[in-house]
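Overview (structure and organization)
Listed below are the residues making up each chain.
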Amino acid sequence: MAERITGAEAMMKALEHEGVDVLFGYPGGSIMPTYDALYDYKDKLNHILVRHEQGAVHAAQGYARVSGKVGCAIVTSGPGATNTVTGIADAMIDSTPMVVICGQVGVAMLGTDAFQEVDVVGVTSPISKWSYQIRRAEDVAWAVSRAFYIARSGRPGPVVLDFAKNAQTGMVDYEPATVDFIRSYDPDPDVDLYDIKCAAKMINDSVKPFVLVGQGVELGNAGEELKAFLEKADIPCGTTFLGLSAIPSDHRLNKGILGMHGNLGPNVMTNQCDLLIAVGMRFDDRVTGNLATYAKQAKIIHFDIDPAEFNKNVQVDLKVLGNCKRTLAEVTKYIEPAKHSSWIDGFKPYEEKEYNKVIDKALHPTEGPLLMGEVIRKVSEASENKAILVTDVGQNQLMACRYFKFTQKRSCVTSGGLGTMGFGLPAAIGATFGAPDRTVCLFVGDGGLQMTIEELGTIMEQGAPVKIILLNNNYLGNVRQWQEMFFSHRYSFTPMANPDYELIAKGYRIPAKTVVERADLDNAIQEMLNTPGPYLLQCAIKEEDNVFPMTPPGANIDEMLFEA
């Protein structure tokens, strides 16, 4: 028999029905009835009070990325809702499943410029999979079920529910709803066997095949299918930043990172292979470089679940539509066991060149200030390469993705397509709730940390065990590197006057230490990892430490620079 309750309580029951266990949020006037209902659900829905609404959505992203579940954020109307826009846009371009519930003024007040009224649907429609205004209590169960179905299915992404105040206070005979079909929306398209067989033939005929691994492998839980495919056909691969942990770093066929700040071998071989196989990636400009010269010698197969990505940036010879967990398994049935030893050996000279020119110097300095690379690798090794890596954006991100190592899936959380500074700290908080049994290591610069530094309060209140490694070079480092290389060393507003981060951390009751000398680094890392709960380790980094190799903007992807 249906239970008569308020729309706000119906929201709680609907979230519980969807399996939500954690909410990240911040209360306010227009969402207050829902927060009042949440008071009676504290034992079922763990609400994490953030210190800013942007923190709520980034935390929901971090939770989703490591858990594979839909992240959930709840905020009030007006500025509360607009403060979520950056996170929604970030989740959209990086395909992160998330539902954001925003308070809204009552329907009778819409369009009157009421206090804290913003057209949330109008603002968020272009940056979400679906944005919907709940105007009646009767629509709550249906809207929530549809929202979670859309967010998690197909190519995942963010959904926004604009929850009018009268819908929160109105009464409804609540019954749970289950939406698992939407006309004209096909999130799991059938695999076309003809395309599979065509792909297999192209792979069997190839002499120098190369696979580009994107986040679609992680999103599709297709790590084992990817390895079976690569190993049967003996094909080397490179990964995007978001695809880094889709395959173990030490797998013999994993040749490193693609793109502007990737590894030399994968970029050079992209323009030497005879078959390029893209799996769950979108040919971002930071991966391709100059499109006019990108892989022009190769046939290209594109495996993707989103047909909108086919031929969007790169014209391909064969499109294979579907979840790569299914499509990779199918094509593996039809490919022939192969050996591409001489082709794979061709990566070695480029690996040696990069090691001698860049990697050895980054990881094994003997004098001078600390370098980012050595700090990152030492943290990775001290965690037995099992930790979750979360990064902010900038040099800390690029270096961490280069030098952190991965042995487990869903272990790299970074802002890819949008490049959102301030992402790291709240995303790391979310990751500790999404994977509470794992160590979460956040690498952040002094610029990005200050953008969401208020979330140290969330860490303090929750005891969230984030291991914060602050790579402090007193600069907006990535912009400074570009100014050094392309703007004649004119460091326009990139030097940073920094506060005492160790003192700030202690003010939030977070243990902290600053390391300046290389001789103190190993012990400081062990102390950080052995300390229960959160910890801030500030490392004084060489101010002009640069990320190399690097493909200059607009250059061919294989034209990588090794020095400024």
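Below, the structure is looked at part by part. These numbers come from a predicted model, not from an experiment.

How each quantity is defined
Residues numbered from 1 in each chain as written. Predicted model: local features only at pLDDT ≥ 70, side-chain atom pairs only at ≥ 80, totals over all residues. Heavy atoms only, no water. Helix = DSSP H or I, 4+ residues; strand = E, 2+ residues; numbered from the N terminus. Rg over C-alpha atoms; globule rule 2.2 N^0.38 Å. Buried < 20%, exposed > 50% of the residue type's maximum accessible area, 1.4 Å probe, protein only. Contact = heavy atoms within 4.5 Å. Areas by Shrake-Rupley, 256 points an atom, 1.4 Å probe, with all protein chains shown as cover. Lys, Arg positive; Asp, Glu negative; His and termini not counted. Charge placed at Lys NZ, Arg CZ, Asp CG, Glu CD. Pairing = 2+ DSSP bridges. Axes fitted to C-alpha atoms, helices over the stretch in contact; angles between N-to-C directions. Patch = residues over 30% accessible without salt bridge, like charges linked within 9 Å, V, L, I, M, F, W, Y side chains within 5 Å. Salt bridge = Lys/Arg side-chain N within 4 Å of Asp/Glu carboxyl O. Phe/Tyr/Trp six-rings, centres within 6.5 Å; stacked < 30°, edge-to-face > 60°. Polar contact = N/O pair within 3.5 Å; in protein donor to acceptor, adjacent residues only side chain to side chain.

1. Digging into the overall build of the protein chain
Helix and strand counts for the protein chain come out as 24 helices and 20 strands. The C-alpha atoms of the protein chain give a radius of gyration of 24 Å, which matches the 24 Å a tight globule of 564 residues would have. With the C-alpha coordinates aligned to their principal axes, the bounding extent of the protein chain is approximately 70 × 60 × 40 Å. For the protein chain, with 564 residues in total, the buried portion stands at 59%. For the protein chain, the proportion of contacts with a sequence separation of at least 24, taken over those separated by at least 6, is 76%. Carbon and sulfur atoms form 50% of the exposed surface of the protein chain, whose accessible area is close to 22000 Å². With 52 positive and 69 negative side-chain charges, the protein chain shows a spacing of 4 Å between the two charge centroids.

2. Observations regarding the sheet that holds strand S18 (residues 466-472)
One open sheet accounts for six strands, arranged S16-S15-S17-S18-S20-S19; its pairing is parallel. At either margin of the open sheet sits one strand with a lone partner, and together these are strand S16 (412-413) and strand S19 (512-515). Pairing analysis gives six bridges linking S18 to strand S20 (residues 535-540), with the strands arranged parallel. Looking at the pairing, Ile469 lines up with Leu537 of S20. Of the strands in this sheet, strand S15 (388-391), S16, strand S17 (440-445) and S18 touch helix H18 (residues 395-403), which is tilted by about 155 degrees from S15. Its contacts with the sheet put helix H24 (residues 521-530) on S17, S18, S19 and S20, and the angle it makes with S20 is roughly 160 degrees.

3. Observations regarding a nonpolar patch on the surface
On the surface, a cluster of nonpolar side chains totalling about 260 Å² of accessible area is made up of Phe486, Phe487 and Leu561. By relative accessible area, which is 31% here, Leu561 ends up partly exposed.

4. Considerations on the packing of aromatic side chains
The final tally for this structure, using the stated rule, is 13 aromatic pairs. Ring centres of Phe210 and Phe347 lie 5.7 Å apart, and the angle between their planes is 45 degrees; on these two criteria the pair is classed as tilted. Of this pair, Phe210 sits in strand S9 (residues 209-213) while Phe347 sits in the loop between helix H15 (341-345) and helix H16 (348-363); the two residues are 137 residues apart in sequence, bridging distant segments of the chain. With respect to burial, Phe210 and Phe347 carry one shared label: buried. For the ring pair Trp482 and Phe486, a centre distance of 5.6 Å and an interplane angle of 80 degrees mean the geometry is edge-to-face. Taken together, the residues Trp482 and Phe486, both in helix H22 (residues 477-486) and four residues apart, mark about one turn of the helix.

5. Concerning the environment of Thr82
Relative to the helices and strands, Thr82 resides in helix H4 (residues 79-82). Under the relative-accessibility criterion, Thr82 is labelled partly exposed at 37%. Distance in space between the C-alpha atoms of Thr82 and Lys201 is 50 Å, their sequence separation being 119 residues. Here the side chain of Thr82 touches Pro79 through a polar contact of 3.2 Å, landing on its backbone oxygen.

6. Structural notes on H22
Regarding H22, the residues found buried are Gly477, Arg480, Gln481, Gln483, Glu484 and Met485. Where H22 is buried, its residues contact H18.

7. Some words on the side chain of Thr76
As for its position among the elements, Thr76 is in the loop between strand S4 (71-75) and H4. On the accessibility criterion, Thr76 (6% relative accessible area) is buried. Only 3.5 Å separates the side chain of Thr76 from the backbone nitrogen of Gly29, close enough to count as a polar contact. In terms of polar contacts, Thr76 uses its side chain to reach the backbone amide nitrogen of Ser30, at 3.2 Å. If near-sequence neighbours (up to four positions away) are discounted, Thr76 is found in contact with Tyr26, Pro27, Gly28, Gly29, Ser30, Ile31, Ala81, Cys102 and Gly103.

8. Brief notes about helix H5 (residues 85-93)
Residues of H5 that are buried include every one of Gly87, Ile88, Ala89, Asp90 and Ala91, and no others. Contacts from the buried residues of H5 go to helix H3 (53-67), strand S5 (98-104), helix H6 (120-124) and strand S7 (158-164). Phi for Ser95, located one or two positions after H5, is positive at around 55 degrees.

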